[in-house]
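# Fold and geometry: a report
Listed here are the chains, written in short residue letters.
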Amino acid sequence: MIDFRYHLVSIVAVFLALAIGIVLGSTELQGPAFSLLDKTTSKLQSELGQVSSQRDAAQQQATEGELYAEAVEPAVLRDLLTGHRLLIVTEPGAQTSVVSGITTAAAHAGATVTGEINLQPKFFDTSGAAQDSLNQTTLDVAQTAGIQLDTSATYQQQAAQVIASEILTASSGLAGSRPASDQGASTGAATMLQAYAASQFLSTSGKPATPTTLAVVVTPQNAPSDGGADQLDQVLIPLVQELAAKSAATVVVGSSTGSGAGSPIALLRSNTVSSQASTVDDADLAAGQTVAMQALAVELAGGKAGSYGFTANGASAIAPSPVPTPSASASATPTPSTKKASR
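Predicted model, so just to flag it, every value in this text is computed and none were measured.

### Quick notes on the overall build of the protein chain
Scanning the protein chain from N- to C-terminus turns up 10 helices and 7 strands. By the burial criterion, 42% of the 343 residues in the protein chain qualify as buried. In the protein chain, 81% of the contacts between residues at least 6 apart in sequence involve partners at least 24 apart. Taken as a whole, the protein chain presents about 16,900 Å² of accessible surface, with 58% of it coming from carbon and sulfur.

Below, the structure is given as structure tokens:
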């Protein structure tokens, strides 16, 4: 049986061993071992300094590159989308800096951003009460507008069908006919948006009820941190399908750090809808915002949708090649049949 005396002796032995080790260790460290450790530490400190310098240089280059992209954007995009109007659709969590950057780039390209439709979390809620409310709102609006709903679609897709049908058009008649500011908002579209807003499925800013040829969807920055299923992802594909089908061109944009595996952009690129709408994964940067406008121009000219940005995020190219020109986009918008045939 182990008694208190045994424990006491054991504790004394442990402390004695520690004391002996400290004495021996301090004596040994004054010799070759200490010299080796000192040299190793100096080497590691030198390597850390070099890496820090490289990091600082890379950050400086990135900053200068961003400033250059901002400086040349007006010249690169000049008259590329003249006469067109653009609607911005945001999902919950979309970065405001991306939205403002897209707005600025559109202005440089000669397009007019009519307004924003900001989808709210309730739009993506799959609970019974939220679904019933969304379904009833859509049925009421569709009946008033005379829209035949796709009965095989989800409630979110049906809502997207109504929104796209009331606002977007692939007709080239809007471009170049008269200034976008002179084109009034559709009464039916305004009533539709008010109905969804009253039920808290979306909010709006600007004049998003104005008939529009182009659409840009701004996705959230990151995939869910817990690795779980993202309700936004489940709705994104049918949402983009409806916008792309009704518009002359649609682009989906995200951020450079938030478009990796599991992100909305990654999901879209793995789906067949990627052949109907372009994606840009670095729209938090001036270069990506410029590319988003170029991608719209490519589609307007009858070109194929593309995946642009960082190859690490699944992009197939940094930007469209050859670079679109005003004569091939703004003044030569394809008819709906030409656009679909090219895809």
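### Topic: the packing of helix 3 (residues 96-108) against helix 9 (residues 286-300)
For the pair helix 3 and helix 9, the least separation of the axes is 9 Å and the interaxial angle reads 55°. Considered as vectors, helix 3 and helix 9 are oriented oblique to each other. The crossing of helix 3 and helix 9 is right-handed. Counted together, S97, G101, I102, A105 and A106 of helix 3 and Q289, A292 and M293 of helix 9 form the full contact between these two elements. Of the residues belonging to the contact of helix 3 with helix 9, the class tally is 5 nonpolar, 3 polar and no charged.

### Points about the environment of A248
Within the fold, A248 resides in the loop between helix 7 (231-246) and strand 5 (249-253). Sequence separation between A248 and H84 is 164 residues, and the spatial gap between their C-alpha atoms is 9.8 Å.

### A few points about the sheet that holds strand 6 (residues 278-280)
One open sheet holds the 7 strands; their spatial order is 3-2-1-4-5-6-7, and the pairing between them is mixed. At either margin of the open sheet sits one strand with a lone partner, and together these are strand 3 (202-206) and strand 7 (307-308). Against the sheet, helix 9 touches strand 1 (85-90), strand 4 (214-218), strand 5, strand 6 and strand 7, its axis set at about 155° to strand 5.

### Some remarks on the side chain of Q156
Secondary-structure assignment places Q156 in helix 5 (residues 155-167). What makes Q156 buried here is its relative accessible area of 6%. Not counting residues within four places of it along the chain, the set of residues in contact with Q156 comprises F123, F124, D125, T126, Q131, L134 and V235.

### Structural notes on the confidence of the model for the protein chain
In this model, the protein chain carries a mean pLDDT of 81, and residues with pLDDT of at least 70 account for 74%. Across residues 173-183 the pLDDT falls below 50, and counting only partners more than four positions away or on other chains, this stretch makes 17 contacts in the model. This model gives residues 331-343 a pLDDT under 50, and the stretch forms 33 contacts once residues within four places in sequence are excluded.

Calculation criteria
Residues numbered from 1 in each chain as written. Predicted model: local features only at pLDDT ≥ 70, side-chain atom pairs only at ≥ 80, totals over all residues. Heavy atoms only, no water. Helix = DSSP H or I, 4+ residues; strand = E, 2+ residues; numbered from the N terminus. Buried < 20%, exposed > 50% of the residue type's maximum accessible area, 1.4 Å probe, protein only. Contact = heavy atoms within 4.5 Å. Areas by Shrake-Rupley, 256 points an atom, 1.4 Å probe, with all protein chains shown as cover. Axes fitted to C-alpha atoms, helices over the stretch in contact; angles between N-to-C directions. Parallel < 35°, antiparallel > 145°, perpendicular 65-115°, else oblique. Left-handed = near helix turned anticlockwise from the far one by under 90°. Nonpolar A, V, L, I, M, F, W, Y, C, P; charged D, E, K, R; others polar. Pairing = 2+ DSSP bridges. pLDDT = per-residue confidence, 0-100.

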